[in-house]
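Structural overview for review
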Amino acid sequence: HPHGKVVISVFARFNDTAKNFVAFCDALLLLKPDVRSRIEVRLYGAGELLMHLQNSGLHILGYATGQAKRDALAQTDIVMMPSTKESFGIVGLEALLSNCHLLATPGLGMDEYLPPECACAPNAASIAAHVTQCLINIDSIRGKQNAGYYRKLVEKPEFSIERMADNYIAVWQGMAQR
């Protein structure tokens, strides 16, 4: 990890308000300076929201696919998904399969595999509190990563492609009824 920092990565389209990236940026502003100095934020993706962050100190790295994405996840401690709508949660699955701690919004189709300590309300105050708690517990998080804890959450037969597709459809049907 760079200079002993905790790496927090966001993989998203940064022009989609459903990904709630603005709340994540607002959360960074709420962090105490000693907390902010201990993290490195990496943004993987593209979009108009990134244009306002060119001199922010955040690492804007563009889309990562294939081996580049595997490498990015291997260098990440925490993947942040503050979405207000999430149709499938592929990034969450990829994060857990890569043994990353995942902070994601509950109630969006990932609840079957999202541990309670990883459920984070999609607002700046909650995100800031969760990031701070992760830094306090980083040794425990890294111990879980070394033990393969996060990967084991999703390495189960019930998480087949067919079942995930059924859940995907159910989530969209639920959203259409709202």
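From a predicted model like this one, the values you see are computed outputs, not experimental measurements. (Residues numbered from 1 in each chain as written. Predicted model: local features only at pLDDT ≥ 70, side-chain atom pairs only at ≥ 80, totals over all residues. Heavy atoms only, no water.)

Another point: the confidence of the model for the chain. Of the residues in the chain, 86% have a pLDDT of 70 or more, and the chain-wide mean is 83. Across the chain, element-level confidence peaks in helix H6 (residues 138-146) with a mean pLDDT of 95 and bottoms out in strand E3 (residues 59-60) with 70. (pLDDT = per-residue confidence, 0-100. Helix = DSSP H or I, 4+ residues; strand = E, 2+ residues; numbered from the N terminus.)

Judged by pairing direction, the sheet is parallel, and its 5 strands sit side by side in the order E3-E2-E1-E4-E5 without closing on themselves. A strand with exactly one partner marks an edge of an open sheet, and here the two such strands are E3 and strand E5 (101-104). Looking at chain direction, strand E1 (residues 6-13) and strand E4 (residues 78-81) are connected through 2 bridges and run parallel. By the bridge assignment, Ile-8 is partnered in E4 with Ile-78. (Pairing = 2+ DSSP bridges.)

Now for helix H3 (residues 66-74). What H3 keeps buried is the set Lys-69, Ala-72 and Leu-73. Burial along H3 is one-sided: seen end-on, the buried residues are contained in an arc of 95 degrees. Away from its buried face by more than 90 degrees, H3 exposes Arg-70 and Ala-74. Against E1, strand E2 (39-46), E4 and helix H4 (90-97) lie the buried residues of H3. (Buried < 20%, exposed > 50% of the residue type's maximum accessible area, 1.4 Å probe, protein only. Arc of directions from axis to C-beta. Contact = heavy atoms within 4.5 Å.)

Evaluation of the coordinates by the stated rule reveals 0 disulfides. Lacking any disulfide linkage, Cys-134 is separated from the closest cysteine sulfur, that of Cys-118, by 7.2 Å. Note on Cys-134: relative accessible area 5%, which makes it buried. (Disulfide = S-S within 2.5 Å.)

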